[in-house]
Amino acid sequence: MEEPIGVTEAAKVPRQRGEQLLEAAAWYAQERHWDVFPGAWLEVVGGAERCSCGDARCAAPGAHPTRPDWADQVTGSAAAARRMWSRQPGSAVLLPTGRTFDALDVPEAAGFLALARMERMGLTLGPVTRTPDRRMLFLALPGAAAEAPALVRGLGWDAEAIGLVGRGEGDHMAGPPTRTAGRGAVQWARRPSRADLWLPGVEELIGPLAYACAREAADARTRLS
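First things first, this report covers the structure right here in the doc.

## Let's talk about the pairing of strand β4 (residues 93-96)
- Across the two faces of β4 the burial is the same, with Val93 and Leu95 and Leu94 and Pro96 all buried.
- Where strand β1 (residues 37-38) meets β4, two bridges bridge the pair, whose relative direction is antiparallel. Each residue of the ladder has a partner; that of Pro38, found in β4, is Val93.

## Looking at the side chain of Asp35
- For Asp35, the location among the structural elements is in the loop between α1 (18-31) and β1.
- Given the relative accessible area of 18%, Asp35 is considered buried.
- A polar atom in the side chain of Asp35 sits 3.2 Å from the side chain of Arg99.
- Those residues in contact with Asp35 that lie beyond four places of it in its chain are Val74, Thr75, Gly76, Leu94, Leu95, Pro96 and Arg99.

## A few points about the layout of surface pockets
- The space that makes up the second largest pocket amounts to roughly 290 Å³.
- Forming the walls of the second largest pocket are 18 residues, and the residues nearest its centre are Ala63, Thr131, Asp133, Arg167 and Ala174.
- Tallying contributions element by element places strand β9 (residues 172-174) first for the lining of the second largest pocket, with three residues.
- Here the lining of the second largest pocket is built from residues that sort into eight nonpolar, five polar and five charged.

## Here's the deal with the sheet that holds strand β5 (residues 102-107)
- Ordered in space as β8-β5-β7-β6-β12, the five strands form an open sheet in which the pairing is antiparallel. Strands with a single pairing partner mark the edges of an open sheet, and in this sheet they are β8 (165-167) and β12 (187-190). Taken pair by pair, the neighbouring strands of this sheet meet at an average axis angle of 30°, ignoring direction.
- The sheet contact formed by strand β6 (residues 128-130) and strand β7 (residues 135-140) spans three bridges and is antiparallel. For Arg130, the partnering residue across the bridge sits in β7 and is Met136.
- Contacts from helix α4 (residues 144-154) reach β5, β7 and β8 within the one sheet, and its direction differs from that of β5 by about 45°.
- Across the sheet, helix α5 (residues 202-224) lies against β5 and β7, angled at about 15° from β5, the strand it touches most.

Analysis parameters
Residues numbered from 1 in each chain as written. Predicted model: local features only at pLDDT ≥ 70, side-chain atom pairs only at ≥ 80, totals over all residues. Heavy atoms only, no water. Buried < 20%, exposed > 50% of the residue type's maximum accessible area, 1.4 Å probe, protein only. Helix = DSSP H or I, 4+ residues; strand = E, 2+ residues; numbered from the N terminus. Pairing = 2+ DSSP bridges. Polar contact = N/O pair within 3.5 Å; in protein donor to acceptor, adjacent residues only side chain to side chain. Contact = heavy atoms within 4.5 Å. 1 Å grid on protein atoms, 1.4 Å probe; cavity = no way out; pocket = protein on both sides within 12 Å on 5 of 7 lines; lining within 4 Å. Points joined across faces, edges and corners; volume = space filled by probe spheres on them. Nonpolar A, V, L, I, M, F, W, Y, C, P; charged D, E, K, R; others polar. Axes fitted to C-alpha atoms, helices over the stretch in contact; angles between N-to-C directions.

Pasting the structure below:
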């Protein structure tokens, strides 16, 4: 986690580069055909970063929707995305799930373990993000979030207990290079490429992900005992 930034260090506060966020949003819409919408942004107050929502206890400062009807802001047009981010260049790049993709959200340690295993097995993989709060999100075909709990139960585990969360219809995720105040930026653990234009189905991902999550959960219990 980044160290708190004092008043005398105000000049060192890292900013979200507006042009970079704008270009990322437009690229997602144009090249990947993903819907996007602008979220909150970071402001410098008293030499420290704060979320534009004004809540000092914001759970995701600079990386959440700005209004409850955020679905009305969603666009799949690169030109529209450019107009939106031109009005507020620092806005988070948010991607609605349940449309062109769902996301399987797992603890970071489990995510890296599963990713390495799936690559060794030669499984079909899509893009994977790594968040500042030590989670990894594996993109999959729509429907993955709804199907995941039952599939995990079929393998002998409970998805919630092992930290595997599905993000599907009505949910969203932050896209790189969105930053969260004091924590860092969302990054690609596996970048989008022409090789993964066709995303994997949940059946291809759930086994390695569930195994890795269960192993990490067991290790965590051991460390606490």
